[in-house]
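# Report on the structure
Each chain, written out:
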Amino acid sequence: MSTSKCLVCTCEDVTDGELRHAIEAGCADLESLKRFTGFGTGPCQGKTCVTLARRLLADATGQPASAAGITYRPPTQPIPLRLLAGEDET
Amino acid sequence: MRLVTDGPLKPRYQVVVIGGGANGLGVARWLAEAGMTDVLVLEKSYLLHGASGRNGGGVRAQWGTADNLVLARESLKLFRTMSADLGFNVWFRQGGYLFLAHSEEKLAAIREVARFHNANGVKTRVVDTSDIHVLVPELNMDGVVGGSYHAGDGIIFPWSVVFGLAKRCVERGVDVRTFTSATGMRASGGRITHVETTRGTVACDWVVNAAGCWSGEVADMVGVKLPNLPVRHEILVTEALKPFLHPMVVDLRNGLYANQDMRGELISGIGMPGEKPGVNFASSFDFTRRVAKSLLDLLPTIGDVKVMRQWAGAYDVTPDGKPVLGPTPGYDNFLQLNGASGHGFMISPMTTQMTAELILGRSPRFDVAPYRLERFTPDFKPERETLVIG
């Protein structure tokens, strides 16, 4: 396992070494890589790390960096429960 | 460590498992651990694409019928040791399940269910309002008259369970193929002889249908009709918080459930009346609004907690809320392992072990008769399972 401590996902503290380890284990697509390492599952929901992870995956597997990404889930940014419940923002 | 295999498929396998979730990988895992490693697991997408990657991770023994209860009770025991057994941390946390009653009528029903649990080896307790306040101090007690609590219930991280099973399967020699679909089956003399896949056709002695909400499509490949209907269920996750919510809480008025996972996130879902059958993984704002309102009604102090993500999965629903297991009428070597109606993940340790025992020629731990497809006769009267939640 690579020991590199360079952070790719700063929300969930996932390093490039952990991503490389997951790719070696067979996570050869971005959805698998996300689920095995947890990258992209923190408050930014992948806005800062998906591009980096995609590039790293492309370099490691020879796939084009334009290969399938991840399905972005709503909401587009974290929203407080009380707003979603229809309570006033007071 | 490897989670999947590659290279060309072999021309024949003893067992072909269709579906790479907790059920498909689970049965392959028990077979491999018993020494039968000539097994192919077909996953049509990435691992966790189906319900094993979309469920809330609740695992409980509190069920309303004996047939569900025994599977869930024994599965809980297997989940408890799963991290050690698989050599992979599955993040199991035994915080219990708390069911809330807001009426005397519901509480009376809970008392009856608790007696049934106690008679069947599940130590469910009927709890009063002061017990509940101690279990979850943040809970809105308005209208709560009591509830039931089973300390042995808990939560698990479904993603790790599937990865742990895949790892064990591959290290024992099972062929685990992602992005490989079963496209057809060939039958002869009352047996399935071949499975056609997107990577070629393989011969086999056994086929297991562990395709979850797609199991009806798989059965249909050889003209077998399952009564299972896929029904969408939605769920959301919030930002992570300091641990405060010990048990999984279920509101029996509306089917809301909420727990705090090992990452600190709150995970919550709720039943949506009028959901039409069909495989539909789209997210709806109707769900978001309904779950947010209901969750704040239950836990009024968390209004500023932010929702990070919501998604949908499908329950594979049978008329009686029990799974479909065992051989198929007309095809003795075609085993069903589906139709678990929203609790397929939590009962998978036991249902997969029983399926593996059938293949290995052993007597399953529990008789599969009550779960077989034959039960759905034209005059079938389902026993009512009252505790399907969400």
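Residues numbered from 1 in each chain as written. Chains lettered and ligands numbered in written order. Predicted model: local features only at pLDDT ≥ 70, side-chain atom pairs only at ≥ 80, totals over all residues. Heavy atoms only, no water.

### Quick word on helix α4 (residues 104-119) of chain B
All names here are of chain B. Given a rise of 1.5 Å per residue, 16 residues ought to cover 22 Å, and the 23 Å separating the end C-alpha atoms of α4 matches this to within 8%. Inspection of α4 places Leu107, Ile110, Ala114 and His117 among the buried residues, and these make up the whole buried set. Buried residues in α4, looked at end-on, bunch into an arc of 70 degrees, giving them a common side. More than 90 degrees from the buried face of α4, the exposed residues found are Glu105, Glu112, Arg115 and Ala119. (Helix = DSSP H or I, 4+ residues; strand = E, 2+ residues; numbered from the N terminus. Expected span 1.5 Å × (residues − 1). Buried < 20%, exposed > 50% of the residue type's maximum accessible area, 1.4 Å probe, protein only. Arc of directions from axis to C-beta.)

### Brief notes about empty space enclosed by the protein
Per the counting criterion, the structure on display carries three cavities of 30 Å³ or more. Roughly 290 Å³ of internal volume is contained in the largest cavity. The set of elements that each furnish at least two residues to the lining of the largest cavity consists of α2 (30-37) of chain A together with α6 (158-171), β15 (265-269) and β16 (306-317) of chain B. (1 Å grid on protein atoms, 1.4 Å probe; cavity = no way out; pocket = protein on both sides within 12 Å on 5 of 7 lines; lining within 4 Å. Points joined across faces, edges and corners; volume = space filled by probe spheres on them.)

### Re the nonpolar core
In this structure, A:Leu33, A:Phe39, B:Leu3, B:Leu25 and B:Val208 are the most contacted members of the largest nonpolar core, which totals 93 residues. Counting residues per element, this core draws most heavily on α6(B), which supplies eight residues. Filtering out sequence-adjacent residues up to four positions away, B:Val208 remains in contact with B:Val15, B:Val16, B:Val17, B:Ile18, B:Val27, B:Leu335, B:Leu337, B:Thr355 and B:Ile359. B:Leu98, B:Leu135, B:Ile270 and B:Leu299 belong to the second largest nonpolar core, which has 29 residues in total. (Core = buried A, V, L, I, M, F, W, Y, C linked by side-chain atoms within 4.5 Å. Contact = heavy atoms within 4.5 Å.)

### A word on the interface of chain A and chain B
How large an interface is tends to be reported as the accessible area lost when its parts come together. Listed per partner, the contact involves 30 residues of chain A and 33 residues of chain B. Counting the surface chain A buries against chain B, the share from its top three residues, A:Arg35, A:Leu81 and A:Leu84, is 28%. The interface formed by chain A and chain B holds two salt bridges in total. The tally of links between chain A and chain B comes to 13 residue pairs in polar contact (both at pLDDT 80 or more). When residues of the side of chain A that touches chain B are traced back to their parent elements, those giving at least two are α1 (16-24), α2, β3 (79-80) and α4 (81-84) of chain A. Ranked by residue count, the leading element in the side of chain A that touches chain B is α2(A), at five residues. Of the residues belonging to the side of chain A that touches chain B, the class tally is 13 nonpolar, eight polar and nine charged. (Buried area = accessible area lost by both parts, 1.4 Å probe. Salt bridge = Lys/Arg side-chain N within 4 Å of Asp/Glu carboxyl O. Polar contact = N/O pair within 3.5 Å; in protein donor to acceptor, adjacent residues only side chain to side chain. Nonpolar A, V, L, I, M, F, W, Y, C, P; charged D, E, K, R; others polar.)

### Some words on the packing of aromatic side chains
Scanning the entire structure with this criterion turns up eight aromatic pairs over all chains. Seen in terms of ring centroids, B:Phe79 and B:Phe345 are 6.2 Å apart; in terms of plane orientation they differ by 15 degrees. Their pairing is stacked. In this pair, B:Phe79 sits in helix α2 (residues 66-80) while B:Phe345 sits in the loop between β18 (331-338) and α9 (348-359), placing the two residues 266 residues apart along the sequence. Judged by relative accessible area, B:Phe79 falls into the buried class, the value being 1%. Members of the aromatic cluster, each reached through a chain of ring pairs, are A:Phe36, B:Phe88 and B:Phe163. If you follow B:Arg29 out to its NZ or CZ, it ends over the ring of B:Trp30, 3.9 Å from the centre. A cation over a ring is seen here: B:Arg54 above B:Phe281, with NZ or CZ 4.0 Å from the ring centre. (Phe/Tyr/Trp six-rings, centres within 6.5 Å; stacked < 30°, edge-to-face > 60°. Lys NZ or Arg CZ within 6 Å of the ring centre and 35° of its normal.)

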